[in-house]
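# A look at the structure
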Amino acid sequence: MQAELEDRFQEFVRARWSHLVRTAYLLTGDAHHAEDLTQTALAKAYRSWRRVSRSDNPDAYVRRMLVTCNRDRFRKRRVTEALTAAPPERAGRDEAVARVDERRALLAALAQLPKRQRAVVVLRYWEDLSEAEVAETLGCSPGTVKSQASKGLAKLRTYPGLTRVMDGPAYSGTRSGEGSRT
């Protein structure tokens, strides 16, 4: 029986790893922190995999663990990071470079949001979860999700460098599609 549980856990990790790391990256803004966060959440999921796998939605269960682990990392003493204001100069700009710049601007803007607003914006518009699913994941009411999403999007709209990105239809306050994933 234990071997079967481990096989199902390994199958879950193989299927969901990149998605969980991507979500963690949007929550943390750093690829290394994202992988660490994902590993921490999956380690906790492994310890209670029997309960997690019996839940109605193991993805939601592990996603909540991911958000909780991210919240917990702020409670620990951390070494502050010094980031540069601008990337090094580049020769020439093409469409791919412009998209990288847009993504960098969006990630920088997300990093400026308070952690609750950031979690709501990431889960609602990147993960494309409903307000009820976000509320369940964060342990708050749907009204809180609505207000935090509204405040978060309003702050993102004022962030320098996002005007072109935020002018698209995905940020008009309606549920987003691929357009929000810049």
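Reference entry: report on the structure contained in this document. Just so you know, these numbers come straight off a predicted model, no measurement behind them.

## Some remarks on the packing of aromatic side chains
- Summed over the entire model, instances satisfying the criterion amount to 3 aromatic pairs.
- Judged by centre distance (5.1 Å) and plane angle (75°), the rings of phenylalanine 9 and tryptophan 49 are edge-to-face. One end of the pair, phenylalanine 9, is in helix α1 (residues 2–28); the other, tryptophan 49, is in helix α3 (residues 49–54), and 40 residues separate them in sequence.
- Overall, phenylalanine 9 belongs to the buried group, its relative accessible area being 10%.
- Its relative accessible area of 6% is what places tryptophan 49 among the buried residues.
- Plain terms: the ring middles of phenylalanine 12 and tryptophan 49 are 5.2 Å apart, the flat faces sit at 45° to each other, and that makes the pair tilted. On the criterion of sequence distance, the pair formed by phenylalanine 12 in helix α1 and tryptophan 49 in helix α3 is long-range, its members being 37 residues apart.
- For phenylalanine 12, a relative accessible area of 11% gives the class buried.
- Among the aromatic side chains, those forming a connected cluster through ring pairs are Phe9, Phe12, Tyr46 and Trp49.
- The ring of tyrosine 125 has arginine 124 lying over it, and the distance from NZ or CZ to the ring centre is 5.7 Å.

## Observations regarding the pattern of salt bridges
- Under the counting rule described, the total for this entry stands at 4 salt bridges.
- For arginine 8, the salt bridge goes to glutamate 4, with nearest N and O atoms at 3.9 Å. Here arginine 8 pairs with glutamate 4, and both are found in helix α1, just 4 residues apart, close to one helical turn.
- Given the relative accessible area of 38%, arginine 8 is considered partly exposed.
- Taking the relative accessible area as the measure of exposure, glutamate 4 reaches 43% and is therefore partly exposed.
- In this structure, glutamate 131 and arginine 124 form a salt bridge, with 3.8 Å as the shortest nitrogen-oxygen distance.

Cut-off values and rules
- Residues numbered from 1 in each chain as written.
- Predicted model: local features only at pLDDT ≥ 70, side-chain atom pairs only at ≥ 80, totals over all residues.
- Heavy atoms only, no water.
- Phe/Tyr/Trp six-rings, centres within 6.5 Å; stacked < 30°, edge-to-face > 60°.
- Helix = DSSP H or I, 4+ residues; strand = E, 2+ residues; numbered from the N terminus.
- Buried < 20%, exposed > 50% of the residue type's maximum accessible area, 1.4 Å probe, protein only.
- Lys NZ or Arg CZ within 6 Å of the ring centre and 35° of its normal.
- Salt bridge = Lys/Arg side-chain N within 4 Å of Asp/Glu carboxyl O.

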